[in-house]
Amino acid sequence: MEIFLVLSGFFLLFAIIHYAVRTGIDDSKKMKIIRKELSEIKKQLAILEENKKNSI
């Protein structure tokens, strides 16, 4: 009985750590994508401002 409790505790701990790592990895990938899109938006805004200054 005690062995079953120990094994179930280890399995639960493993499952929690596995979930946390997977979530962290997914969030990291999403943040990289968001940062890339933000830098692209900044570049486009700079181009628009430059075009606006040149047209005036």
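Relevant structure appears above.
These figures come from a predicted structure and were not determined experimentally.

Caption draft 1: Quick peek at the overall build of the chain. Within the chain, the secondary structure is distributed over one helix and zero strands. Projected onto the principal axes, the alpha-carbon positions of the chain cover approximately 80 × 10 × 5 Å. Here the chain holds 56 residues, and the buried ones make up 0% of them. A total of about 5700 Å² of accessible surface is found on the chain, and carbon and sulfur atoms cover 69% of it. Across the chain, 10 positive and 7 negative side-chain charges occur, with their mean positions spaced 5 Å apart.

Caption draft 2: Representation of the environment of Ser 55 in the model. Note on placement: Ser 55 falls in helix H1 (residues 2-55). For Ser 55, a relative accessible area of 61% gives the class exposed. A distance of 3.0 Å separates a polar side-chain atom of Ser 55 from the backbone oxygen of Lys 52.

Caption draft 3: Spotlight on a nonpolar patch on the surface. On the surface, a nonpolar cluster with roughly 790 Å² of combined accessible area is contributed by Ile 3, Val 6, Leu 7, Phe 10, Leu 13, Ile 17, Val 21 and Ile 25. With respect to the helices, strands and loops of the structure, Val 6 is situated in helix H1.

Cut-off values and rules
- Residues numbered from 1 in each chain as written.
- Predicted model: local features only at pLDDT ≥ 70, side-chain atom pairs only at ≥ 80, totals over all residues.
- Heavy atoms only, no water.
- Helix = DSSP H or I, 4+ residues; strand = E, 2+ residues; numbered from the N terminus.
- Buried < 20%, exposed > 50% of the residue type's maximum accessible area, 1.4 Å probe, protein only.
- Areas by Shrake-Rupley, 256 points an atom, 1.4 Å probe, with all protein chains shown as cover.
- Lys, Arg positive; Asp, Glu negative; His and termini not counted.
- Charge placed at Lys NZ, Arg CZ, Asp CG, Glu CD.
- Polar contact = N/O pair within 3.5 Å; in protein donor to acceptor, adjacent residues only side chain to side chain.
- Patch = residues over 30% accessible without salt bridge, like charges linked within 9 Å, V, L, I, M, F, W, Y side chains within 5 Å.
- Salt bridge = Lys/Arg side-chain N within 4 Å of Asp/Glu carboxyl O.

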